[in-house]
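# Topology and contacts: notes
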Amino acid sequence: MSVVHVPVDTLLTESPRTLIGAGRAAAVAKEAETVSQSASRPLRVLLVVGAGFSRRPWHTAVVGALRPARLHVAVQPGMPTPASVARLAGEARDHRADVVVAVGGGSVLDGAKAAAALSYEPADPTCASVAGACDEPAPATGLPVVAVPTTPGTGAEATPFATIWDVDRGRKLSLRGGSVLPSVAILDPDLLLGLPGTRFACSLLDTFAQALEGAWSTRADDRAEALGAAAWARLSRFLDRPYRSAEAPDASERRAALLAGHYAGRAIAVAGTTVCHALSYPLTLRHGLDHGHACGVTLGRVLRYNAAVEDGDCADARGAARVRAAIARVTDAAGAGDAPTLARRIESFLASSGLPPVPDLRPDAARVAAEALSYDRAGNNPRRLSIESLTRLLTTTAP
Ligand SMILES: [Fe+2]
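Cut-offs used in this document
- Counting starts from 1 at the beginning of each chain's written sequence and moves along it residue by residue.
- Since the coordinates come from a predicted model, pLDDT governs what is reported: local features require at least 70, and pairs of side-chain atoms require 80 or more to be given and counted, while whole-chain, interface and lining totals use all residues.
- Calculated side-chain values reflect all of the structure's heavy atoms, with hydrogen atoms and water omitted.
- Put simply, two rings from Phe, Tyr or Trp (the six-membered ring, in Trp's case) pair if the centres are within 6.5 Å, and we call them stacked under 30 degrees between planes, edge-to-face over 60, tilted for the rest.
- Whether a charge sits over a ring depends on NZ of Lys or CZ of Arg being within 6 Å of the ring centre and within 35 degrees of the ring normal.
- For the purposes of this analysis, a disulfide is any pair of cysteine sulfur atoms at a distance within 2.5 Å.
- Relative accessibility thresholds used throughout: buried, under 20% of the residue-type maximum; exposed, over 50%; partly exposed, between the two (1.4 Å probe, protein chains only).
- By salt bridge we mean one thing: a side-chain nitrogen of Lys or Arg within 4 Å of a carboxyl oxygen of Asp or Glu.
- Each helix is a run of DSSP H or I of at least 4 residues and each strand a run of E of at least 2, with the numbering of both proceeding from the N terminus.
- Definition of a polar contact: a pair of N or O atoms within 3.5 Å, with one able to donate and the other able to accept a hydrogen when the atoms are protein atoms, and with sequence-neighbouring residues admitted only if both atoms are side-chain atoms.
- Any two residues having at least one pair of non-hydrogen atoms within 4.5 Å are treated as being in contact.
- In this listing, donors mean N, O and S atoms no farther than 2.8 Å from the metal, or 3.2 Å for Na, K and Ca; water is missing from the atoms, so a site can look incomplete.
- Labels for metal geometry use angle windows, namely 85 to 135 degrees for all angles of a four-donor tetrahedral site, and for square planar (four donors) or octahedral (six donors) sites opposite donors over 155 degrees apart plus all others within 65 to 115; sites meeting none of these are irregular.
- An axis is simply a line fitted to the C-alpha atoms; with a helix, the fit covers only the stretch in contact. Between two such axes, the angle follows the N-to-C directions and lies from 0 to 180 degrees.
- Note that the term roughly parallel is reserved for angles under 35 degrees, roughly antiparallel for angles over 145, roughly perpendicular for angles of 65 to 115, and oblique for everything else.
- Note on convention: near helix rotated counterclockwise from far helix by under a right angle means a left-handed crossing. Clockwise means right-handed.
- Grouping buried Ala, Val, Leu, Ile, Met, Phe, Trp, Tyr and Cys residues that are joined through side-chain atoms within 4.5 Å yields what is termed a nonpolar core.
- Domain start and stop positions are those given by an automatic or database domain assignment.
- Grid points spaced at 1 Å and placed over the protein atoms alone form the basis of the search, with a cavity being a set where a 1.4 Å probe fits but cannot get out and a pocket an open set showing protein on both sides within 12 Å along at least five of seven lines. Lining residues have an atom within 4 Å of a point.
- Grid points are joined across faces, edges and corners, and a volume is the space filled by probe spheres set on the points.
- Residue polarity follows a fixed list, in which Ala, Val, Leu, Ile, Met, Phe, Trp, Tyr, Cys and Pro are nonpolar, Asp, Glu, Lys and Arg are charged, and the others, Gly among them, are polar.
- Of all possible arcs, the one meant is that of the directions from the helix axis to the C-beta atoms.

## Quick word on the packing of aromatic side chains
Overall, the coordinates contain six aromatic pairs when judged by the stated rule. Seen from the ring of Tyr 305, Arg 383 lies directly overhead, with NZ or CZ sitting 4.0 Å from the centre.

So, in structure tokens, the structure goes:
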């Protein structure tokens, strides 16, 4: 089966402005200055990082690159919550930031994006106002964001939405709107250096899911399908041999993973995610699985399920043939031949990833299914679902 490579420049023409290549993080101050609306100098920058920032080998170089600016460093530890987003937005306001620079994984980027979008609100953001903002479109204007991912896979640098976890209520919230989309994405493969192997595996699993879901979604268009296929053309190499989390990815693998994650992020920015992501939220909130891991554990089963769609159970108004063609486009790009083969290879990757074993989901399957169906993205799935069919899918072991 031939491997499709869609040219990069035809898929990266829309916002955010995207810089790709080793060493490109050195341009972060210039990019921040360009997107800032402020003429004041020195530029006032809120730098949002994760808890592990200072352990990464490149962290002093990134801070050094921003030194001409008046810098305030804020930490987004773990998953963004209404409280952490309110705190970050408050820090942006107190610092009178002109621009937010987010350097980290998906949680850091999402926390920073949400805080930037809410930092122009008339009153200081609170937990309640952040959670309330997720019920409506995000404010039209916010601080510009320069997003610098340090894990591959989340695509958060390319999406106009930010995931916020309301752990107390057991719900995943989403802040959505044009102001949540970063202005610039800097994809520097050198920033993946020092990433633990199991974190890399989780990021890849998130990308596997987002690239497939972006292509088969009922909201997918040709562009989303092409982006999903372009991502998988770069992901197939990770399925070609058993994944070893102890082996650091080389420069070429780091670039492929980062670019695939970005393509997949752009695909879901167009088409949204579907039932794998809807299932992942209760798996994270109730069973403690990392986001990518939570997406990966059901992806093979959902791929087989969706590939067997017929017109009688198709949720896409364009018909089952369109869904099967979108899946075939991705499996061709992955060099897998057909959907069951790709599903099996994804499951082999998961089994060799070094990630902890998945808890037995069977006793909780009906509840996980019901919670998943309560998220609107489950409605993007191209094959119809019910609590019964989803429970069956969760309790069926791979063939
Ligand atoms: Fe995801």
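## A word on the state of the cysteines
Here a disulfide denotes one covalent bond, and it connects the sulfur atoms of two cysteines. Applying the stated criterion across every chain, the model contains zero disulfides. Free of any disulfide, Cys 276 has its nearest cysteine sulfur in Cys 295, 6.9 Å distant. Given the relative accessible area of 0%, Cys 295 is considered buried.

## Points about the pattern of salt bridges
Within the structure shown, the criterion is met by 20 salt bridges. Of the charged contacts, one joins Arg 87 and Glu 91 as a salt bridge, the two residues approaching to 2.7 Å between their closest N and O atoms. Linking Arg 87 with Glu 91, this pair stays in helix 4 (residues 82-94), spanning four residues, or about one helical turn. The partly exposed category is assigned to Arg 87, whose relative accessible area is 34%. A salt bridge links Asp 166 to Arg 169, with the nearest nitrogen and oxygen atoms 3.2 Å apart. Take Asp 166: its relative accessible area is 8%, and that puts it in the buried class.

## Digging into the side chain of His 277
Summarising the element assignment, His 277 is placed in helix 10 (residues 275-287). A distance of 3.2 Å separates polar atoms of two side chains, one belonging to His 277 and the other to Gln 210. His 277 has contacts with Asp 206, Ala 209, Gln 210, Glu 213, His 291, Cys 295 and Arg 377, leaving out every residue within four places of it along the chain.

## Examining the coordination of the iron ion
Protein ligation of the iron ion involves Asp 206 (OD), Gln 210 (OE1), His 277 (NE2) and His 291 (NE2), the donor distances falling in the range 2.1 to 2.2 Å. In this structure, the iron ion is coordinated by four donor atoms arranged in irregular fashion, with angles at the metal of 87 to 165°. One chain supplies every donor to the iron ion, and in sequence these donors are spaced D-x3-Q-x66-H-x13-H. Residue Asp 206 is found in helix 7 (residues 197-216), and its partner His 277 is found in helix 10; the two are separated by 71 residues along the sequence. His 277 shares its class with Asp 206; the two are buried.

## Observations regarding the side chain of Thr 391
Mapped onto the elements of the fold, Thr 391 is located in helix 15 (residues 387-395). Overall, Thr 391 belongs to the buried group, its relative accessible area being 18%. In this structure, Thr 391 is in contact with Ala 365, Ala 366 and Ala 369, ignoring residues within four places of it in sequence.

## Things to note about the packing of helix 7 against helix 13 (residues 339-351)
Direction vectors running N to C along helix 7 and helix 13 enclose 160°, while the axes themselves pass 11 Å from each other. Classed by the angle they form, the pair helix 7 and helix 13 counts as roughly antiparallel. Of the two possible hands of crossing, helix 7 and helix 13 adopt the one that is left-handed. Touching Ala 201, Leu 204, Leu 205, Phe 208 and Leu 212 of helix 7 are Leu 342, Ile 346, Phe 349 and Leu 350, all from helix 13.

## Some details on the nonpolar core
If you look at the biggest cluster of nonpolar residues, it comprises 76 residues, and the most contacted ones within it are Phe 208 and Trp 232. Per element, the largest residue contribution to this core is eleven residues, and it comes from helix 7. Taken domain by domain, this core gets at least three of its residues from each of domain 1 (8-192) and domain 2 (197-395). Those residues in contact with Trp 232, other than ones at most four positions away along the chain, are Phe 208, Ala 211, Leu 212, Leu 239, Val 330, Ala 333, Ala 334, Leu 342 and Ile 346. Among the nonpolar cores identified, the runner-up in size contains 33 residues, and Ala 114, Ala 138, Ile 164 and Leu 175 belong to it.

## Quick notes on the layout of surface pockets
Its volume calculated, the largest pocket comes out at about 960 Å³. Forming the boundary of the largest pocket are 49 residues, of which Gly 105, Gly 106, Ser 107, Thr 154 and Arg 199 lie nearest the centre. Elements that contribute at least two residues to the lining of the largest pocket include exactly strand 4 (99-104), helix 5 (106-118), strand 6 (161-166), strand 7 (171-176), helix 7, helix 10 and helix 11 (291-307). It is helix 7 that contributes the most residues to the lining of the largest pocket, five residues altogether. Residues of the lining of the largest pocket, tallied by class, amount to 19 nonpolar, 22 polar and eight charged. Two domains each donate at least three residues to the lining of the largest pocket, and these are domain 1 (8-192) and domain 2 (197-395). For the second largest pocket, the calculated volume is near 370 Å³. Forming the walls of the second largest pocket are 19 residues, and the residues nearest its centre are Val 297, Arg 301, Val 358, Thr 396 and Thr 397. Of all the secondary-structure elements, those providing two or more residues to the lining of the second largest pocket are helix 11, helix 13 and helix 15. Examining the composition of the lining of the second largest pocket, we find that three residues originate from one element, helix 11, more than from any other.

## Considering helix 14 (residues 365-373)
Every buried residue belonging to helix 14 is among Ala 365, Val 368, Ala 369, Glu 371 and Ala 372, and all of these are buried. End-on, the buried residues of helix 14 take up no more than an arc of 165°, which puts them together on one face. Tucked into the core, helix 14 has its buried residues touching strand 7, helix 10 and helix 15.

This is a description of form; function is not addressed.
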